[in-house]
Amino acid sequence: MKTTDSYKAKLDIWAREHQPCPQPKIANLPRFGSKKFNSYAELNAWKKQLLETLASRGGARWTT
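Predicted, not measured: the structure shown is a model, and the values here were computed from it.

Quick notes on the rules
Residue numbering note: each chain is counted from 1, following its sequence as written. For a predicted model such as this one, the threshold for reporting local features is a pLDDT of at least 70, and the threshold for listing and counting side-chain atom pairs is 80 or more; totals across whole chains, interfaces and linings nevertheless cover every residue. Only heavy atoms go into the side-chain values, all of them from the structure, while hydrogens and water stay out. Note on aromatic pairs: the rings of Phe, Tyr and Trp (six-membered ring only in Trp) are paired at centre separations within 6.5 Å, and the planes decide the class, stacked below 30 degrees, edge-to-face beyond 60, tilted for the rest. Secondary structure follows DSSP: runs of H or I at least 4 residues long count as helices, runs of E at least 2 residues long count as strands, and numbering of each begins at the N terminus. A 1.4 Å probe rolled over the protein chains alone gives each residue an accessible area, and that area as a share of the maximum for its type sets the label: buried under 20%, exposed over 50%, partly exposed in between. Polar contacts, as used here, are pairs of N or O atoms within 3.5 Å; protein pairs need one atom able to donate a hydrogen and one able to accept it. Residues neighboring in sequence count only if both atoms are side-chain atoms. Residue contacts are counted whenever heavy atoms from the two residues lie within 4.5 Å of one another. The span expected for a helix works out to 1.5 Å for each residue beyond the first.

Student: Before we go on, may I ask you to explain the packing of aromatic side chains in this structure?
Tutor: Each pair of aromatic rings is reported with the distance of its centres and the angle of its planes. All chains considered together, the criterion is met by 2 aromatic pairs. When the ring of Phe32 is compared with that of Trp46, the centres are 5.4 Å apart and the planes differ by 75°; the resulting orientation is edge-to-face. Pair noted here: Phe32 is in the loop between β1 (25-26) and α2 (40-56) and Trp46 is in helix α2, with a separation of 14 residues, a long-range link. A residue is classified by how much of its surface remains accessible, and Phe32, at 43% relative accessible area, is partly exposed. Arranged with centres 5.7 Å apart and planes meeting at 50°, the rings of Phe37 and Trp46 form a pair that is tilted.

Student: What's the story with the side chain of Asn28 in this structure? I'm lost.
Tutor: You can see Asn28 is positioned in the loop between β1 and α2. Residue class for Asn28 comes out buried when judged on its relative accessible area of 7%. Among the polar contacts listed, one links the side chain of Asn28 to the backbone oxygen of Gly59, at a separation of 2.6 Å. A polar atom in the side chain of Asn28 sits 3.1 Å from the backbone nitrogen of Arg61. Excluding residues within four positions of it along the chain, Asn28 makes contact with Leu54, Arg57, Gly59, Ala60 and Arg61.

Student: Mind showing me how you'd approach α2 here?
Tutor: For an α-helix, 3.6 residues make a turn, and residues three or four places apart therefore share a direction. Between the first and last C-alpha of α2 there are 24 Å, a value that for 17 residues agrees with the 24 Å anticipated at 1.5 Å per step. A positive backbone phi angle near 100° is found at Gly58, which sits one or two residues after α2.

Here you go:
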């Protein structure tokens, strides 16, 4: 069977290579924990404030 025909080909290749791929991370994301909201309005207000904080820090910076 060709590799392109196998649904598990990606897993087989990863298992053979033994080399983990570095995943990007956001370096300057504001810290936040678990939150509960009583309404979508509260959730949207929190998201707006979080995005404004992120924008004031210069936006998201991805690192590896």
